[in-house]
Amino acid sequence: MVRPRAALTAGGVTGEAAWLSSVPEEARAYQGHRAGVVSRVLAAAIDLVVLFVLLGGAYFGLAGLLFVIDPVSFRFPAIPRAVILIAGGLVLVGYLTECWTTTGRTVGDRVLGLRVVDNRGRKLKHGRAALRALFCAVFPIGLLWTACSADRRSVQDLVMRTAVIYDWGPHHHGDAPSRR
């Protein structure tokens, strides 16, 4: 289980433990425990919105460039579905990999207080994060195995030896995830 570090001063708790006071008392007991399917699906839904915003931004950026190049005969580009799927997959894998290797959490994970860690509770290395991201992009339904698993692990977690834990702190200290 993850245990937050605290720096006590005469005025109260500061530093890394200050975030704990913003976490509801009921949720504190879950700190460091594996996340369930509902939290993970909600985080994935938020990340899907982030993906659509990124792809939409790229599309409108391309349209803007085409407009600047030739404003008289400008038309919005018609992009084939295969290109959209490939670009979406590449952006998703890049987004997940970068988030998991830097902070251990995506935007959706941050909103829901989740963090992806390895089997020892540490941040993922780049190779493992990239393989897990690819696995998540190719086989997203594997996330639902969390509902059937006594250890709250998705197919991706089982294969890649990772875990998604509740972690509301700004930094993770590397304690192994609790099975609860």
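No experiment lies behind these values; they were computed from the predicted model shown.

### Some points on the overall build of the protein
Of regular secondary structure, the protein possesses six helices and four strands. Reading the protein from its N end, one meets helices and strands in the order β-β-α-α-α-α-β-α-α-β. Every one of the 180 residues in the protein was classed for burial, and the buried ones make up 34%. Taking as baseline every contact in the protein between residues at least 6 positions apart, the subset at least 24 positions apart corresponds to 69%. Accessible area for the protein stands at about 10600 Å²; split by element, carbon and sulfur atoms hold 67% of it.

### Comments concerning the side chain of Asp109
Along the chain, Asp109 turns up in helix α4 (residues 107-112). Ignoring any residue separated from it by four or fewer positions in sequence, one finds Asp109 in contact with Ala43, Trp100, Gly104, Leu114 and Val116.

### Brief notes about helix α5 (residues 126-138)
The terminal C-alpha atoms of α5, which comprises 13 residues, lie 18 Å apart, in line with the 18 Å expected from a rise of 1.5 Å per residue. For α5, the complete set of buried residues consists of Ala129, Arg132, Ala133 and Cys136. Buried residues along α5 cover an arc of 100° about the axis, so they all sit on one side. Among the exposed residues of α5, those pointing more than 90 degrees away from its buried face are Leu131 and Val138.

### Notes on the nonpolar core
Leu96, Trp100 and Leu114 are the most contacted members of the largest nonpolar core, which has 16 residues in total. Counting only elements with at least two residues in this core, the list comes to α2 (37-69), α3 (81-102), β3 (114-118), α5 and β4 (162-166). Top element by residues in this core is α3. It accounts for five residues. Excluding residues that lie within four positions of it along the chain, Leu96 makes contacts with Thr106, Ala133 and Cys136.

### Here we look at unusual backbone geometry
Positive phi, close to 55°, is recorded for Arg152, a residue that is not glycine. Mapped onto the secondary structure, Arg152 falls in the loop between α5 and α6 (155-160). With a phi angle near 55°, Arg161 is a residue other than glycine that sits in the positive phi range. Within the secondary structure layout, Arg161 lies in the loop between α6 and β4. Residue class for Arg161 comes out partly exposed when judged on its relative accessible area of 48%.

### Things to note about the pairing of β3
The buried fraction of β3 amounts to five of the five residues, a majority that puts the element mostly inside the structure. The two faces of β3 match: Leu114, Val116 and Asp118 on one face and Arg115 and Val117 on the other face are all buried. Bridging between β3 and β4 involves five bridges; their strand directions are antiparallel. Bridged to Arg115 within β4 is Ile165.

What counts as what
Residues numbered from 1 in each chain as written. Predicted model: local features only at pLDDT ≥ 70, side-chain atom pairs only at ≥ 80, totals over all residues. Heavy atoms only, no water. Helix = DSSP H or I, 4+ residues; strand = E, 2+ residues; numbered from the N terminus. Buried < 20%, exposed > 50% of the residue type's maximum accessible area, 1.4 Å probe, protein only. Contact = heavy atoms within 4.5 Å. Areas by Shrake-Rupley, 256 points an atom, 1.4 Å probe, with all protein chains shown as cover. Expected span 1.5 Å × (residues − 1). Arc of directions from axis to C-beta. Core = buried A, V, L, I, M, F, W, Y, C linked by side-chain atoms within 4.5 Å. Pairing = 2+ DSSP bridges.

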